[in-house]
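Inside the fold
Single-letter residue listing:
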Amino acid sequence: MTDAPTPSSTDSTDSTDRAVVERELRAMIAEAARLDAAVVAGLPADTDLFGPEIGLTSLAGVALLGAVDTRFGVDVAALDLSLDSLQSIATLTDFVTAHRGGR
C-alpha cells in the first residue's frame, strides 16, 4: 500500500500566509480607493485595480504603495519598475507574498 502524498507544512503555511496578505491588501485597497471594505472583500481576485469596480486613481495608487511598503516592507515601485504587479488584487498579492520578508 502506498501512502498518498500529503502537503508539506510549508505549503500550508504559504497558502495561509498568502490568504492573510490578500485580506490585508484588500483592506488597504478599499481605504486607498475610498470604497467599502466589504465590497472589496467580495470582489474576485482577478479584479483590475484600476478598472471600474475599484477605480484606483494614480494618487490612490501611490497611497496604496506607501501603505504596502509600511505594512509589509515591500517597495513595489522599486522592485517592479513596470508596475505589472498592480494589475489586479491577485497580482499584487502574489508580488507582496513573494517579496515579503526579503524572500
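Residues numbered from 1 in each chain as written. Predicted model: local features only at pLDDT ≥ 70, side-chain atom pairs only at ≥ 80, totals over all residues. Heavy atoms only, no water.

Residues of helix α5 (residues 89-99) that are buried: I89, A90, L92, T93, F95, V96 and T97. Just downstream of α5 lies G101, where phi reads positive at about 65°. (Buried < 20%, exposed > 50% of the residue type's maximum accessible area, 1.4 Å probe, protein only. Helix = DSSP H or I, 4+ residues; strand = E, 2+ residues; numbered from the N terminus.)

So, about helix α3 (residues 58-72). For α3, which comprises 15 residues, the first-to-last C-alpha distance of 21 Å matches the rise-based estimate of 21 Å (1.5 Å per residue) to within 8%. Along α3, the residues classified as buried are A60, G61, L64, L65, V68 and F72. Around the axis of α3, the buried residues are gathered within 145° of arc, so they sit on the same side. Exposed and facing more than 90 degrees away from the buried side of α3 are L59, V62 and T70. One or two residues past the end of α3 sits G73, with phi positive at roughly 70°. (Expected span 1.5 Å × (residues − 1). Arc of directions from axis to C-beta.)

Within the fold, S88 resides in the loop between α4 (76-79) and α5. Relative accessible area serves as the criterion here: at 5%, S88 is assigned to the buried category.

Among the structural elements, F50 can be located in the loop between α2 (37-41) and α3. Expressed as a C-alpha distance, the spacing of F50 and A60, which sit 10 residues apart in the sequence, is 9.9 Å. Dropping the residues within four chain positions of it, F50 is found in contact with G55, L56, T57, S58 and L86. (Contact = heavy atoms within 4.5 Å.)

With that out of the way, let us pick up unusual backbone geometry. The residue R34 is not glycine, and still its phi comes out positive at about 55°. Mapped onto the elements, R34 comes out in the loop between α1 (9-33) and α2. Overall, R34 belongs to the exposed group, its relative accessible area being 78%. Even without being glycine, L83 reaches a positive phi, approximately 60°. When you line up the elements, L83 lands in the loop between α4 and α5. For L83, a relative accessible area of 33% gives the class partly exposed.

Once their charged atoms are close, side chains differing in charge can pair, the charge on each being opposite to the other. In this structure the tally under the stated criterion is five salt bridges. Notably, a salt bridge pairs R18 with D94, separated by 2.7 Å at the nearest N-O pair. With a gap of 76 residues between them, R18 in helix α1 and D94 in helix α5 connect regions that are remote in the sequence. Judged by its relative accessible area of 42%, D94 falls in the partly exposed class. The partner of E22 in a salt bridge is R26, with the nearest N and O atoms 2.8 Å apart. Here the residue E22 and the residue R26 both occupy positions in helix α1, the gap between them amounting to four residues, near one helical turn. Grouping residues by exposure puts E22 and R26 together as buried. Each of R18, E22, R26 and D94 takes part in one network of salt bridges that share partners. (Salt bridge = Lys/Arg side-chain N within 4 Å of Asp/Glu carboxyl O.)

By themselves, these observations are geometric and do not establish any function.
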